[in-house]
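Summary of structural features
Given next are the chains, with one letter for each unit.
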Amino acid sequence: MTDRIEQLEREAQAAAAVAASSAEIEELRVRYLGRKAELPNLLREVAQLPADQRSAVGSAANRARRAIDSLLDQRAGELAVSELDARLQAERVDVTLPGDPLPAIGRLHLITQTRREIEDVFIGLGFNVAEGPEIETVSYNFDALNHDAQHPARAWSDTFYISDEVLLRTHTSPMQIRAMELSPPPVYLIVPGRVYRRDSDLTHTPQFHQVEGLAVDEDITLADLKGTLLAFARAIFGPEREIRLRPHFFPFTEPSVEVDVSCFNCSGGVVAGGERCGICKGTGWLEILGSGMVDPNVLAYVAGNGYDPERVQGFAFGMGIERIAMLKHGVSDLRLFYDNDIRFLEQFA
Ligand code: PHE
């Protein structure tokens, strides 16, 4: 009887040693110590044994039961630790990895897209890009740019003044002066930025965006202006485009011109079906910007920095970013740019 008890203990030991999981240990506990297992049955039957065997068998069986019990506890404990290790290893999260990329929501606003397109064209032509202050002095915004004292744009009804001397710039042109004060010629620069005027209707908002252009060197002519703006017009509106210059007036350019690009929607003002083109209103041309040769009076203002009007000359231009975007994409109402209606914005991927 005690032989059988020892055999059971060895069996249980061997089985526990190869058990691979704490679940298997619990199965062994049932097999060796459960209600229907051999060893506990033996113990229950000890009372029926002859008196001289009772105590030997009883104590051997009890000892074996306790030994198996504690052996199983110990193996279960060991296995639980390595199972936890394995789980921690498998479920490990590396918090230093970059997060999943955000789903692609949103896009650049059409004004930003258009600004960047314009910048790319001029960077490709060798221009630099700079920005300037939106809060300007009357001196940079008007005086240095050759506006006479009576110029209508100076009126309080047209311009946002902060004081008699300080205003919200009405155009990006003051950066012509600041740029020439900062570095001597040559200068090839564009200046994107916000500008402000006291205007509000279908085609005017109190704040809008311009890109200024300035090229000053020793041998710049109106032909350079035309060639530069033709390259620009073709890059933005298509390689078939032509441009034309119409005489105009700006205080800081002489001569001054307004620049039109040939309509990209029709030929000579007439669309395919023979009807009058709605985009150029039948004229065949779209006005895109103002420009001209830098007025010698403007150069004289910065002559001390190498801009002697007898030695250097240049051209300047200024365009509205909204206007370019409206023409290019057929946007009918300027205010759509600022309503932030997703149905409008998402059309421009
Ligand atoms: N500053 C002018 C405007 O806002 C545009 C312009 C810039 C014209 C440079 C000529 C030269 O209307």
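For clarity, every value in this text was computed on a predicted model and none was experimentally measured.

The subject of this paragraph is the packing of helix H1 (residues 2-18) against helix H3 (residues 38-45). Where H1 contacts H3, the axes come no closer than 10 Å and their chain directions differ by 150°. By the angle class used here, H1 and H3 are roughly antiparallel. Seen from above, H1 lies across H3 with left-handed handedness. Side by side, H1 and H3 meet where Arg4, Ile5 and Leu8 of the first sit next to Glu38, Leu39 and Leu42 of the second.

To continue, consider the packing of aromatic side chains. Within this structure, the stated rule accounts for 11 aromatic pairs. Taken together, a centroid distance of 5.7 Å and an interplanar angle of 10° make the contact between Phe237 and Phe264 stacked. Here Phe237 is found in helix H8 (residues 222-237), whereas its partner Phe264 is found in the loop between strand S7 (253-262) and strand S8 (285-294), with 27 residues between them in sequence. Note on Phe237: relative accessible area 8%, which makes it buried. Ring centres of Phe337 and Tyr338 lie 6.5 Å apart, and the angle between their planes is 65°; on these two criteria the pair is classed as edge-to-face. An aromatic cluster is present here, built from Phe122, Phe127, Tyr188, Phe232, Phe315 and Phe317 joined pairwise through their rings. Here Arg178 stacks its cationic end above the ring of Tyr140, 4.0 Å away from the centre of that ring.

A separate point is the sheet that holds S7. Either a parallel or an antiparallel arrangement is found when strands of a sheet pair, and the pairing is made through backbone hydrogen bonds. The strand order S1-S4-S5-S9-S8-S7-S6 describes an open sheet built from seven strands, whose pairing is mixed. Both edges of this open sheet fall to strand S1 (128-129) and strand S6 (243-250), since each of them pairs with a single strand only. One ladder, built from eight bridges, connects strand S5 (residues 207-217) with strand S9 (residues 313-320); its direction is antiparallel. Following the sheet pairing, Val211 is matched in S9 by Met319. On the sheet, H8 packs against S6, S7, S8 and S9 and is oriented at approximately 150° with respect to S8.

A separate point is the domain arrangement of the protein. When its domains are assigned, the protein resolves into domain 1 (2-90) and domain 2 (110-348). Put simply, the middle of domain 1 and the middle of domain 2, counted by C-alpha atoms, are 93 Å apart.

Our focus in this paragraph is H3. Restricting attention to buried positions, one finds in H3 the residues Leu39, Pro40, Leu42 and Leu43. One face of H3 carries all of its buried residues, which in axial projection span an arc of 155°.

Cut-offs used in this document
- Residues numbered from 1 in each chain as written.
- Predicted model: local features only at pLDDT ≥ 70, side-chain atom pairs only at ≥ 80, totals over all residues.
- Heavy atoms only, no water.
- Axes fitted to C-alpha atoms, helices over the stretch in contact; angles between N-to-C directions.
- Helix = DSSP H or I, 4+ residues; strand = E, 2+ residues; numbered from the N terminus.
- Parallel < 35°, antiparallel > 145°, perpendicular 65-115°, else oblique.
- Left-handed = near helix turned anticlockwise from the far one by under 90°.
- Contact = heavy atoms within 4.5 Å.
- Phe/Tyr/Trp six-rings, centres within 6.5 Å; stacked < 30°, edge-to-face > 60°.
- Buried < 20%, exposed > 50% of the residue type's maximum accessible area, 1.4 Å probe, protein only.
- Lys NZ or Arg CZ within 6 Å of the ring centre and 35° of its normal.
- Pairing = 2+ DSSP bridges.
- Domains from an automatic or database assignment.
- Arc of directions from axis to C-beta.

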